[in-house]
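# Observations on the model geometry
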Amino acid sequence: MDRTELAGWFAGRLPDGWFTGPVELTVDRDEITVVGTLVEPEAGEGDVDAARTGRIERFREETRRERMAVADAAQQRYGRSVAWGAVCGGTRRLFTHASVPVMTRLRQPERLVLDTLVDAGVARSRSEALAWAVRLVGRNADAWLSELRAAMTAVEEVRARGPQQED
């Protein structure tokens, strides 16, 4: 998938004024996640975090119909479901996102790690324990994963510039 084409499509498709700048797009094999930054509310004497949460909730409710129309068009065009989220100050919320089952084969040592997390109450199930472990690795290996993703993007760009096959 051409990320610049995707970013351009969303930039052209999203209504002006929804977000303060370009949206953050995260793409995998199943889903496109669109997260935009909202204007910070004037909290006055109120709690700033509550004001930010309220702004995000209002945005979610008021834009639901339009977001779903954009999501339907994107799914038809790109063959992936679309998830939405918003950021306001230090508050970030995802509204809709897929929980996709992933099949894997684990040997006993790996299963024992998951079972230990379940037995210790860190997770309720092996599935939840695996998701917890993946999040932990993702946080601790973020720089390395970012470098790997950048390298994969560079490979895609070189591949796209290469000789084209004739049909």
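A brief look at the structure comes next.

Cut-off values and rules
- Residues numbered from 1 in each chain as written.
- Predicted model: local features only at pLDDT ≥ 70, side-chain atom pairs only at ≥ 80, totals over all residues.
- Heavy atoms only, no water.
- Core = buried A, V, L, I, M, F, W, Y, C linked by side-chain atoms within 4.5 Å.
- Buried < 20%, exposed > 50% of the residue type's maximum accessible area, 1.4 Å probe, protein only.
- Helix = DSSP H or I, 4+ residues; strand = E, 2+ residues; numbered from the N terminus.
- Contact = heavy atoms within 4.5 Å.
- Pairing = 2+ DSSP bridges.
- Axes fitted to C-alpha atoms, helices over the stretch in contact; angles between N-to-C directions.
- Parallel < 35°, antiparallel > 145°, perpendicular 65-115°, else oblique.
- Left-handed = near helix turned anticlockwise from the far one by under 90°.
- Nonpolar A, V, L, I, M, F, W, Y, C, P; charged D, E, K, R; others polar.
- Phe/Tyr/Trp six-rings, centres within 6.5 Å; stacked < 30°, edge-to-face > 60°.

One finds F10, L14, I32, V34, V82 and W84 to be the most contacted residues of the largest nonpolar core, which totals 22 residues. The set of elements that each furnish at least two residues to this core consists of helix 1 (3-13), strand 2 (31-37), helix 2 (48-78) and strand 3 (81-88). Among the elements that take part in this core, helix 2 stands out by supplying seven residues, more than any other. Contact partners of V82, with chain neighbours within four places excluded, come to F10, I32, V34, A71, A74 and T96.

Pairing is mixed across the open sheet formed by four strands, whose spatial order is 1-2-3-4. Two strands bound the open sheet, and with one partner strand each, they are strand 1 (24-27) and strand 4 (91-96). In this sheet, adjacent strand axes meet at a mean angle of 20° when their direction is disregarded. Bridge analysis of strand 1 against strand 2 gives four bridges, and the strand direction is antiparallel. In the sheet register, E24 faces strand 2, and the bridge partner there is V35. Sheet contacts for helix 1: strand 1, strand 2 and strand 3; angle to strand 1, the most-contacted strand, approximately 130°. Strands strand 2, strand 3 and strand 4 of the sheet are contacted by helix 2, whose axis makes an angle of about 155° with strand 3.

Here helix 1 crosses helix 2 at 150°, and the two axes come no closer than 11 Å. Classified by the angle their axes make, helix 1 and helix 2 are roughly antiparallel. Note on packing geometry: the crossing formed by helix 1 with helix 2 is right-handed. Taken together, the residues of helix 2 that come into contact with helix 1 (itself represented by E5, L6, W9, F10 and R13) are A69, V70, A73, A74, R77 and Y78. Its residues assigned to classes, the contact of helix 1 with helix 2 comprises eight nonpolar, no polar and three charged.

One pass over the full model with this rule turns up seven aromatic pairs. The interplanar angle of 85° and the centroid separation of 5.7 Å between the aromatic rings of W9 and Y78 together place this pair among those described as edge-to-face. Remark: Y78 occurs in helix 2 and W9 occurs in helix 1; sequence separation between them is 69 residues. In terms of burial, W9 and Y78 fall into one category: buried. Between W18 and F19, the aromatic rings sit 6.0 Å apart at their centres with planes inclined by 80°, giving edge-to-face as the arrangement. Overall, W18 belongs to the buried group, its relative accessible area being 11%. The exposure class assigned to F19 is buried, which follows from its relative accessible area of 14%.

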